[in-house]
Amino acid sequence: MFTLSSNIIQYLVSKYDTVLFYSTVVATITAVVLPLFPAPYGRLNKLKGFGVSPVIGWMVMESPTVWLAPILYVLGKPELTTGNIYNTFLLILFEIHYVWRTIIQPLTMPSSAKSSLMHVSTIASAFVFQIQNVFLIFFYLFFMADTKFYNASMFYDPRFFVGFAMYVWGSYINRQSDGILRNIKKNSTASPSAPPEKRYSIPRGAMFEYVSAPNYFGETVEWFGFGIMMWSAGGILFGYWTLSNLLPRAISSHNWYKRTFRNYPKDRKAMIPFLI
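Peer 1: How do you make sense of the environment of Glu-219 when you look at a structure like this?
Peer 2: Along the polypeptide, Glu-219 turns up in helix H8 (residues 214–230). Separated by 45 residues in sequence, Glu-219 and Asn-174 have C-alpha atoms that sit 5.6 Å apart. For Glu-219, the residues in contact, after removing those within four places along its chain, are His-97, Arg-101, Gly-170, Asn-174, Thr-242 and Leu-246. Within polar-contact distance, the side chain of Glu-219 engages the side chain of Arg-101 at 3.2 Å.

Peer 1: Please clarify how the pattern of salt bridges should be interpreted in this entry.
Peer 2: Side chains that carry opposite charge are capable of pairing whenever their charged atoms lie near each other. Within the structure shown, the criterion is met by two salt bridges. Across the pair Glu-219 and Arg-101 runs a salt bridge, and its minimum N-O distance is 3.2 Å. With Glu-219 in helix H8 and Arg-101 in helix H4 (residues 85–107), the pair connects residues that are 118 residues apart, well separated along the chain. Residue class for Glu-219 comes out buried when judged on its relative accessible area of 10%. Residue class for Arg-101 comes out buried when judged on its relative accessible area of 7%. The salt bridge involving Arg-159 is made with Asp-157; its shortest N-O contact spans 2.8 Å. Take Asp-157: its relative accessible area is 15%, and that puts it in the buried class.

Peer 1: For this particular structure, what's the right way to read the packing of H4 against helix H5 (residues 120–144)?
Peer 2: For any two helices packed against each other, one specifies the crossing angle of their axes together with the interaxial distance. Where H4 meets H5, the axes come as close as 10 Å, and the angle between the chain directions of the two elements is 160 degrees. Classed by the angle they form, the pair H4 and H5 counts as roughly antiparallel. Judged by the sense of rotation from one axis to the other, the crossing of H4 with H5 is left-handed. Note on element contacts: H5 touches H4 through Gln-130, Asn-133, Val-134, Ile-137, Phe-138, Leu-141 and Phe-142, opposite Asn-87, Leu-90, Leu-91, Phe-94 and Tyr-98. Its residues placed into classes, the contact of H4 with H5 shows nine nonpolar, three polar and no charged.

Peer 1: Could you clarify how one ought to interpret a nonpolar patch on the surface in this entry?
Peer 2: The grouping of Phe-21, Tyr-22, Val-25, Ile-29, Val-32, Val-33, Leu-36 and Phe-37 at the surface amounts to a nonpolar patch, some 820 Å² of accessible area in total. Among the structural elements, Val-32 can be located in helix H1 (residues 6–33). By relative accessible area, which is 55% here, Val-32 ends up exposed.

Peer 1: Would you explain the side chain of Arg-268 in this entry?
Peer 2: Take Arg-268: it is sitting in the segment after helix H9 (233–260). Excluding anything up to four places from it in sequence, Arg-268 contacts Ile-202, Pro-203, Arg-204, Phe-208, Glu-209, Tyr-210, Val-211, Ser-212 and His-254.

Peer 1: Mind showing me how you'd approach the side chain of Asn-87 here?
Peer 2: Looking at where Asn-87 falls in the secondary structure, it is placed in helix H4. Residue Asn-87 is classed as buried on the basis of its relative accessible area, which comes to 0%. Discounting residues that sit within four places of it in the chain, Asn-87 has contacts with Leu-80, Leu-141, Phe-142 and Tyr-150.

The rules we used
- Residues numbered from 1 in each chain as written.
- Predicted model: local features only at pLDDT ≥ 70, side-chain atom pairs only at ≥ 80, totals over all residues.
- Heavy atoms only, no water.
- Helix = DSSP H or I, 4+ residues; strand = E, 2+ residues; numbered from the N terminus.
- Contact = heavy atoms within 4.5 Å.
- Polar contact = N/O pair within 3.5 Å; in protein donor to acceptor, adjacent residues only side chain to side chain.
- Salt bridge = Lys/Arg side-chain N within 4 Å of Asp/Glu carboxyl O.
- Buried < 20%, exposed > 50% of the residue type's maximum accessible area, 1.4 Å probe, protein only.
- Axes fitted to C-alpha atoms, helices over the stretch in contact; angles between N-to-C directions.
- Parallel < 35°, antiparallel > 145°, perpendicular 65-115°, else oblique.
- Left-handed = near helix turned anticlockwise from the far one by under 90°.
- Nonpolar A, V, L, I, M, F, W, Y, C, P; charged D, E, K, R; others polar.
- Patch = residues over 30% accessible without salt bridge, like charges linked within 9 Å, V, L, I, M, F, W, Y side chains within 5 Å.
- Areas by Shrake-Rupley, 256 points an atom, 1.4 Å probe, with all protein chains shown as cover.

Structural data, given as C-alpha coordinates:
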(Lines give C-alpha, C1' and ligand atoms only; values in the text may rest on other atoms or scores of the structure.)
Protein backbone atom coordinates (compact mmCIF):
# COMPACT_ATOMS: atom_id res chain seq x y z
CA MET A 1 0.00 0.00 0.00
CA PHE A 2 1.31 3.45 -0.95
CA THR A 3 2.16 5.72 1.98
CA LEU A 4 3.70 9.15 2.38
CA SER A 5 7.28 9.07 3.59
CA SER A 6 8.02 10.59 6.98
CA ASN A 7 10.19 13.23 5.26
CA ILE A 8 7.29 14.40 3.09
CA ILE A 9 4.95 14.48 6.07
CA GLN A 10 7.44 16.45 8.15
CA TYR A 11 7.96 18.91 5.28
CA LEU A 12 4.22 19.47 4.86
CA VAL A 13 3.78 19.87 8.62
CA SER A 14 6.57 22.48 8.64
CA LYS A 15 4.80 24.44 5.87
CA TYR A 16 1.29 24.21 7.31
CA ASP A 17 1.37 27.45 9.32
CA THR A 18 2.87 29.30 6.35
CA VAL A 19 0.07 28.16 4.04
CA LEU A 20 -2.44 29.05 6.75
CA PHE A 21 -1.03 32.57 7.12
CA TYR A 22 -0.88 33.39 3.41
CA SER A 23 -4.31 31.87 2.83
CA THR A 24 -5.72 34.20 5.49
CA VAL A 25 -4.04 37.18 3.83
CA VAL A 26 -5.37 36.24 0.39
CA ALA A 27 -8.88 35.73 1.79
CA THR A 28 -8.78 39.24 3.23
CA ILE A 29 -7.53 40.70 -0.06
CA THR A 30 -10.28 38.79 -1.87
CA ALA A 31 -12.92 40.42 0.32
CA VAL A 32 -11.55 43.84 -0.68
CA VAL A 33 -11.06 43.16 -4.41
CA LEU A 34 -14.21 41.21 -5.31
CA PRO A 35 -16.61 44.13 -4.78
CA LEU A 36 -14.63 45.96 -7.48
CA PHE A 37 -14.06 42.98 -9.78
CA PRO A 38 -16.76 40.30 -9.32
CA ALA A 39 -15.78 36.73 -10.17
CA PRO A 40 -16.59 36.27 -13.90
CA TYR A 41 -19.31 33.63 -14.04
CA GLY A 42 -23.07 33.59 -14.31
CA ARG A 43 -24.91 36.89 -14.77
CA LEU A 44 -21.83 38.83 -13.56
CA ASN A 45 -19.49 37.47 -16.23
CA LYS A 46 -18.17 40.45 -18.21
CA LEU A 47 -14.77 39.10 -19.21
CA LYS A 48 -13.97 38.22 -22.78
CA GLY A 49 -11.75 35.30 -23.60
CA PHE A 50 -11.67 31.54 -23.39
CA GLY A 51 -14.70 30.09 -21.64
CA VAL A 52 -15.96 26.58 -21.08
CA SER A 53 -19.30 24.97 -20.32
CA PRO A 54 -20.38 25.64 -16.72
CA VAL A 55 -20.96 21.89 -16.36
CA ILE A 56 -17.30 21.17 -17.04
CA GLY A 57 -16.21 24.28 -15.17
CA TRP A 58 -17.96 23.35 -11.91
CA MET A 59 -16.81 19.74 -12.09
CA VAL A 60 -13.18 20.69 -12.67
CA MET A 61 -12.79 23.56 -10.25
CA GLU A 62 -14.44 21.77 -7.32
CA SER A 63 -12.90 18.37 -8.08
CA PRO A 64 -10.05 18.42 -5.50
CA THR A 65 -12.69 18.15 -2.79
CA VAL A 66 -13.88 14.75 -4.05
CA TRP A 67 -10.51 13.15 -4.82
CA LEU A 68 -7.83 14.83 -2.68
CA ALA A 69 -9.68 14.64 0.64
CA PRO A 70 -10.30 10.86 0.34
CA ILE A 71 -6.69 10.34 -0.74
CA LEU A 72 -5.45 12.10 2.40
CA TYR A 73 -7.83 9.93 4.42
CA VAL A 74 -6.37 6.75 2.94
CA LEU A 75 -2.78 7.97 3.48
CA GLY A 76 -3.34 9.43 6.94
CA LYS A 77 -2.53 8.03 10.36
CA PRO A 78 -4.92 5.18 11.24
CA GLU A 79 -5.67 6.67 14.65
CA LEU A 80 -6.81 9.86 12.87
CA THR A 81 -8.68 8.22 9.98
CA THR A 82 -10.21 4.74 9.96
CA GLY A 83 -9.74 4.47 13.71
CA ASN A 84 -11.25 7.89 14.41
CA ILE A 85 -15.03 8.12 14.07
CA TYR A 86 -15.15 11.89 14.63
CA ASN A 87 -12.67 12.77 11.87
CA THR A 88 -14.40 10.28 9.57
CA PHE A 89 -17.72 11.97 10.30
CA LEU A 90 -16.28 15.38 9.39
CA LEU A 91 -15.04 13.98 6.10
CA ILE A 92 -18.49 12.54 5.36
CA LEU A 93 -20.15 15.92 6.01
CA PHE A 94 -17.63 17.62 3.73
CA GLU A 95 -18.20 15.08 0.94
CA ILE A 96 -22.00 15.25 1.22
CA HIS A 97 -21.77 18.90 0.20
CA TYR A 98 -19.10 18.56 -2.46
CA VAL A 99 -20.31 15.42 -4.21
CA TRP A 100 -23.52 17.36 -4.76
CA ARG A 101 -21.70 20.54 -5.80
CA THR A 102 -19.09 18.84 -8.00
CA ILE A 103 -21.05 16.04 -9.68
CA ILE A 104 -24.80 16.04 -9.13
CA GLN A 105 -25.54 19.77 -9.42
CA PRO A 106 -23.62 20.32 -12.69
CA LEU A 107 -25.13 17.23 -14.31
CA THR A 108 -28.66 18.34 -13.40
CA MET A 109 -28.13 21.97 -14.42
CA PRO A 110 -31.02 23.41 -16.49
CA SER A 111 -30.21 23.87 -20.16
CA SER A 112 -30.75 27.64 -19.90
CA ALA A 113 -27.98 27.85 -17.29
CA LYS A 114 -25.53 26.15 -19.64
CA SER A 115 -25.59 29.01 -22.15
CA SER A 116 -23.38 31.26 -19.99
CA LEU A 117 -19.78 30.11 -20.34
CA MET A 118 -17.49 30.06 -17.33
CA HIS A 119 -14.23 31.98 -17.69
CA VAL A 120 -11.10 29.87 -17.42
CA SER A 121 -9.62 32.24 -14.81
CA THR A 122 -12.48 31.43 -12.45
CA ILE A 123 -11.96 27.70 -12.88
CA ALA A 124 -8.19 27.90 -12.34
CA SER A 125 -8.37 30.08 -9.23
CA ALA A 126 -11.12 27.95 -7.66
CA PHE A 127 -9.17 24.74 -8.41
CA VAL A 128 -6.09 26.10 -6.61
CA PHE A 129 -8.25 27.36 -3.74
CA GLN A 130 -9.81 23.94 -3.21
CA ILE A 131 -6.40 22.25 -3.12
CA GLN A 132 -5.19 24.54 -0.35
CA ASN A 133 -8.57 24.30 1.39
CA VAL A 134 -8.48 20.49 1.46
CA PHE A 135 -4.86 20.63 2.64
CA LEU A 136 -5.60 23.02 5.51
CA ILE A 137 -8.58 21.00 6.69
CA PHE A 138 -7.76 17.38 6.05
CA PHE A 139 -3.99 17.26 6.22
CA TYR A 140 -4.43 18.70 9.69
CA LEU A 141 -7.20 16.25 10.66
CA PHE A 142 -5.52 13.14 9.24
CA PHE A 143 -1.85 13.86 10.00
CA MET A 144 -1.50 16.53 12.69
CA ALA A 145 -4.53 16.44 14.99
CA ASP A 146 -4.30 15.43 18.64
CA THR A 147 -6.33 12.32 19.43
CA LYS A 148 -6.87 13.61 22.97
CA PHE A 149 -9.19 16.19 21.41
CA TYR A 150 -10.31 14.54 18.17
CA ASN A 151 -12.13 11.42 19.31
CA ALA A 152 -15.66 10.11 19.86
CA SER A 153 -16.10 12.27 22.97
CA MET A 154 -16.41 15.31 20.68
CA PHE A 155 -19.91 14.13 19.77
CA TYR A 156 -20.92 15.22 23.29
CA ASP A 157 -19.12 18.55 23.15
CA PRO A 158 -21.17 21.80 22.91
CA ARG A 159 -19.04 22.84 19.94
CA PHE A 160 -20.30 19.82 18.04
CA PHE A 161 -23.96 20.56 18.83
CA VAL A 162 -23.65 24.23 17.81
CA GLY A 163 -21.54 23.52 14.73
CA PHE A 164 -23.67 20.62 13.53
CA ALA A 165 -26.88 22.62 13.94
CA MET A 166 -25.35 25.44 11.88
CA TYR A 167 -24.12 22.97 9.26
CA VAL A 168 -27.56 21.36 8.85
CA TRP A 169 -29.46 24.67 8.84
CA GLY A 170 -27.03 26.32 6.43
CA SER A 171 -27.04 23.30 4.12
CA TYR A 172 -30.84 23.29 4.05
CA ILE A 173 -31.02 26.99 3.17
CA ASN A 174 -28.35 26.55 0.51
CA ARG A 175 -30.09 23.61 -1.19
CA GLN A 176 -33.55 25.17 -0.90
CA SER A 177 -32.39 28.46 -2.40
CA ASP A 178 -30.44 26.77 -5.19
CA GLY A 179 -33.60 24.79 -5.99
CA ILE A 180 -35.64 27.99 -6.35
CA LEU A 181 -33.02 29.51 -8.67
CA ARG A 182 -32.81 26.28 -10.65
CA ASN A 183 -36.56 26.26 -11.19
CA ILE A 184 -36.47 29.87 -12.44
CA LYS A 185 -33.82 28.93 -15.01
CA LYS A 186 -35.62 25.70 -15.90
CA ASN A 187 -38.90 27.50 -16.55
CA SER A 188 -37.32 30.32 -18.56
CA THR A 189 -38.33 30.32 -22.24
CA ALA A 190 -36.25 33.34 -23.25
CA SER A 191 -33.35 32.94 -25.65
CA PRO A 192 -29.76 33.47 -24.39
CA SER A 193 -29.61 36.70 -26.41
CA ALA A 194 -32.70 38.17 -24.73
CA PRO A 195 -32.23 41.11 -22.32
CA PRO A 196 -31.61 40.19 -18.63
CA GLU A 197 -35.11 41.17 -17.50
CA LYS A 198 -36.48 38.55 -19.94
CA ARG A 199 -34.02 35.77 -19.09
CA TYR A 200 -34.21 36.23 -15.31
CA SER A 201 -36.98 36.92 -12.84
CA ILE A 202 -37.13 38.03 -9.22
CA PRO A 203 -36.67 35.00 -6.91
CA ARG A 204 -39.40 34.70 -4.32
CA GLY A 205 -40.22 32.47 -1.39
CA ALA A 206 -38.36 31.11 1.63
CA MET A 207 -35.25 33.13 2.52
CA PHE A 208 -35.49 35.10 -0.73
CA GLU A 209 -38.09 37.21 1.05
CA TYR A 210 -35.27 38.54 3.23
CA VAL A 211 -32.11 38.51 1.10
CA SER A 212 -31.07 38.39 -2.55
CA ALA A 213 -28.55 35.58 -2.07
CA PRO A 214 -29.81 33.15 0.59
CA ASN A 215 -27.85 30.37 -1.11
CA TYR A 216 -24.65 32.24 -0.21
CA PHE A 217 -25.91 32.95 3.30
CA GLY A 218 -26.70 29.28 3.83
CA GLU A 219 -23.33 28.11 2.54
CA THR A 220 -21.51 30.59 4.78
CA VAL A 221 -23.45 29.42 7.86
CA GLU A 222 -22.81 25.81 6.84
CA TRP A 223 -19.03 26.18 6.66
CA PHE A 224 -18.71 28.27 9.79
CA GLY A 225 -20.63 25.47 11.48
CA PHE A 226 -18.17 22.96 10.07
CA GLY A 227 -15.31 25.11 11.35
CA ILE A 228 -16.82 25.13 14.84
CA MET A 229 -17.15 21.34 14.78
CA MET A 230 -13.53 21.03 13.63
CA TRP A 231 -12.36 23.74 16.06
CA SER A 232 -9.05 24.52 14.37
CA ALA A 233 -7.60 27.50 12.53
CA GLY A 234 -7.94 25.72 9.18
CA GLY A 235 -11.61 24.95 9.75
CA ILE A 236 -12.51 28.47 10.87
CA LEU A 237 -10.51 29.88 7.95
CA PHE A 238 -12.72 27.95 5.54
CA GLY A 239 -15.75 29.77 6.93
CA TYR A 240 -13.89 33.08 6.65
CA TRP A 241 -12.90 32.27 3.05
CA THR A 242 -16.53 31.47 2.24
CA LEU A 243 -17.67 34.79 3.68
CA SER A 244 -14.87 36.72 1.92
CA ASN A 245 -15.80 35.20 -1.41
CA LEU A 246 -19.59 35.11 -1.24
CA LEU A 247 -20.52 38.33 0.57
CA PRO A 248 -19.02 40.59 -2.15
CA ARG A 249 -20.69 38.47 -4.82
CA ALA A 250 -24.00 38.66 -2.99
CA ILE A 251 -23.74 42.45 -2.88
CA SER A 252 -22.90 42.57 -6.60
CA SER A 253 -25.86 40.29 -7.39
CA HIS A 254 -28.12 42.39 -5.15
CA ASN A 255 -27.13 45.56 -7.00
CA TRP A 256 -27.64 43.78 -10.34
CA TYR A 257 -31.18 42.81 -9.36
CA LYS A 258 -31.98 46.38 -8.32
CA ARG A 259 -30.64 47.77 -11.61
CA THR A 260 -32.45 45.17 -13.69
CA PHE A 261 -35.88 45.13 -12.04
CA ARG A 262 -37.59 48.38 -11.11
CA ASN A 263 -40.02 46.57 -8.83
CA TYR A 264 -37.33 44.75 -6.87
CA PRO A 265 -38.26 44.58 -3.13
CA LYS A 266 -36.70 47.59 -1.41
CA ASP A 267 -36.51 46.01 2.03
CA ARG A 268 -34.59 42.93 0.80
CA LYS A 269 -30.94 42.80 1.93
CA ALA A 270 -28.03 41.33 -0.05
CA MET A 271 -27.01 38.29 2.01
CA ILE A 272 -27.40 38.63 5.78
CA PRO A 273 -31.05 39.11 6.86
CA PHE A 274 -31.84 42.57 8.28
CA LEU A 275 -28.16 43.62 8.14
CA ILE A 276 -26.33 43.49 4.79
